[in-house]
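Summary of the model geometry
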Amino acid sequence: MTKTINSITQENDYDPNSMPVDKAREYIQKFLNPVTGKERLAIRDALSRVLAEDVISPVNVPQHDNSAMDGYAFRGGDLNENNKTSLTVVGTAFAGQPFKGTVEKGQAVRIMTGAVIPDGADTVIMQERTERNEDQVTVEFVPLGANTRKAGEDLKQGAAAITAGSVIRPADLGMIASLGITEVSVYRKLRVAFFSTGDELVGVGNPLGEGQIYDSNRYTIFGMLSELGCELIDMGVIKDTPEDVETAFQSAADIADVVITSGGVSVGEADFVKQILDKLGEVLFWKIAMKPGRPLAFGKIRNANFFGLPGNPVAVMVTFYQFVQSALKTIQGQKYFKQTPTFKVKCTEPIKKAPGRTEFQRGVLTTSANGELTVRTTGNQGSGILSSMSEADCFIVLPTDVGRLEAGAMVEVQLMGGVSR
Ligand code: AMP
Ligand code: MG
């Protein structure tokens, strides 16, 4: 069953020339086909992959009631609420070396943290609240069941420990190992083909001719895709001729789940690209009400999802983080991700902005002398100024209606995907 992307154009408020950021995200999410192919991997190899089948617990975790303290285990009903109680110590329970007998009325067992609660016992008191004298131990009052961990309190046998659609993180590896499971089923990696378009572009390693520039978008796209764990097919720079562009789109769609291009979708250039894409698939061309990153093409070429990103180096990254990243997560089979959250901080300098579009200015977060987290912009916000991205650790997200802001204004910031410094 193929859903038709063109049906979007029938929706009431559809305006390709002024598409709100949220609306574009919503439309994109409706027309993605998540991968279905699975593979079984040893658990370490599954780190950062998307789980394809629930991990079901074969056991209770913990498997037995056990002690949360070093101390003594006994029958809670033996204690006097108002006085100390003397009990006879009949043995010791270590973690991994249980006490084999049964604790009878008036008896106690010396117990270590993690040791199985012996038969008959149900309560533990910490060592510091006891006095030992030969085989007698005097204990203060503690409530029935105190200081014990119950079998299955972490996870019940038969319950899903981790559900399909989750990304496997370090904590999950530990969880899976704690169940004694050695392999899990994950979705296969997405195959993503990408290329740059533009007669002015030269790949690094070659000399620049007059008016030529180095292709940087394939490197930022490579980086952003790598951080999402995709299998990459770098198709290089494609010349702005209908033949070259058509051949490139066709071979990309033949080999990949997702095709990503940069350049060639702005007003002056879109026409012949549009004709080719109309022939090969179903692609919509939008002007997003955002800055930077106005033009965006989205659709399908054959069965591959297609994202035509703008050419400007900053616009490429902003549109990738705002639209493509979450789309790829969905296509990877992820179910539980959120759009990177924003939070409010004070901006230490004025911000230039005109109302009308959502802006994603580049910011640097700093903790000020009084411990408050603040943000400043990276200066020149031109959509070709790649150094502004390189310096930034967050986007300052300025809503459509907002105009110029004075120093000290509270602004929303969003940490940049993959930023680790
Ligand atoms: P376009 O959308 O193709 O009109 O490109 C817009 C601007 O981005 C132009 O100045 C291009 O030279 C520049 N540009 C396009 N593609 C790239 C690229 N791959 N690397 C660096 N700059 C690019
Ligand atoms: Mg171009």
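For the structure, check the block above.
Residues numbered from 1 in each chain as written. Chains lettered and ligands numbered in written order. Predicted model: local features only at pLDDT ≥ 70, side-chain atom pairs only at ≥ 80, totals over all residues. Heavy atoms only, no water.

**Remarks on the overall build of the protein chain**
A count of helices and strands for the protein chain gives 7 helices and 26 strands. Taking 421 residues into account, the globule formula puts the C-alpha radius of gyration at 22 Å, and the protein chain, at 30 Å, lies well above it. Taken over 421 residues, the protein chain has a buried fraction of 46%. Long-range pairs, those at least 24 residues apart, make up 70% of the contacts in the protein chain between residues at least 6 apart in sequence. For the protein chain, the exposed area adds up to about 20300 Å²; of that, 49% sits on carbon and sulfur atoms. Counting 43 positive and 50 negative side-chain charges, the protein chain places the centres of these two groups 2 Å from one another. (Helix = DSSP H or I, 4+ residues; strand = E, 2+ residues; numbered from the N terminus. Rg over C-alpha atoms; globule rule 2.2 N^0.38 Å. Buried < 20%, exposed > 50% of the residue type's maximum accessible area, 1.4 Å probe, protein only. Contact = heavy atoms within 4.5 Å. Areas by Shrake-Rupley, 256 points an atom, 1.4 Å probe, with all protein chains shown as cover. Lys, Arg positive; Asp, Glu negative; His and termini not counted. Charge placed at Lys NZ, Arg CZ, Asp CG, Glu CD.)

**Some details on the sheet that holds strand E7 (residues 123–126)**
Pairing is mixed across the open sheet formed by 6 strands, whose spatial order is E7-E4-E6-E5-E9-E8. A single partner strand is all that each edge strand has here, and the edge strands are E7 and strand E8 (130–133). Going across the sheet, the axis of each strand differs from the next one's by a mean of 35°, ignoring polarity. Bridging between strand E4 (residues 71–74) and E7 involves 4 bridges; their strand directions are antiparallel. Paired with Ala73 across the two strands is Val124, which belongs to E7. (Pairing = 2+ DSSP bridges. Axes fitted to C-alpha atoms, helices over the stretch in contact; angles between N-to-C directions.)

**Remarks on the nonpolar core**
If you look at the biggest cluster of nonpolar residues, it comprises 49 residues, and the most contacted ones within it are Ile260, Trp286, Phe307, Phe320 and Leu328. Per element, the largest residue contribution to this core is 11 residues, and it comes from helix H6 (residues 313–331). Setting aside chain neighbours within four positions, we find Phe320 in contact with Met224, Leu225, Leu228, Ile260, Leu309, Gln325 and Leu328. (Core = buried A, V, L, I, M, F, W, Y, C linked by side-chain atoms within 4.5 Å.)

**Considering the site of ligand 1**
In the vicinity of ligand 1 lie 16 residues, with Glu200, Asp215, Ser216, Gly264 and Glu269 positioned nearest. Taking Ser196, its side chain carries an N or O atom lying 3.4 Å from a nitrogen atom of ligand 1. Residue Gly311 places a main-chain N or O atom 3.2 Å away from a nitrogen atom belonging to ligand 1. Summarising the interface, the protein chains cover 79% of the accessible area of ligand 1, which totals 480 Å² for the free molecule. A per-class count over the shell around ligand 1 returns 4 nonpolar, 9 polar and 3 charged. (Near = heavy atom within 4 Å. Polar contact = N/O pair within 3.5 Å; in protein donor to acceptor, adjacent residues only side chain to side chain. Nonpolar A, V, L, I, M, F, W, Y, C, P; charged D, E, K, R; others polar.)

**Quick notes on the pairing of strand E5 (residues 85–93)**
Where E5 meets strand E9 (residues 136–139), 4 bridges bridge the pair, whose relative direction is antiparallel. Residue pairing across strands places Thr88 opposite Gln136, the latter belonging to E9. Two elements, E5 and strand E6 (residues 107–111), share 4 bridges in a ladder whose sense is parallel. Among the inter-strand pairings, Val89 is bridged to a residue of E6, identified as Ala108.

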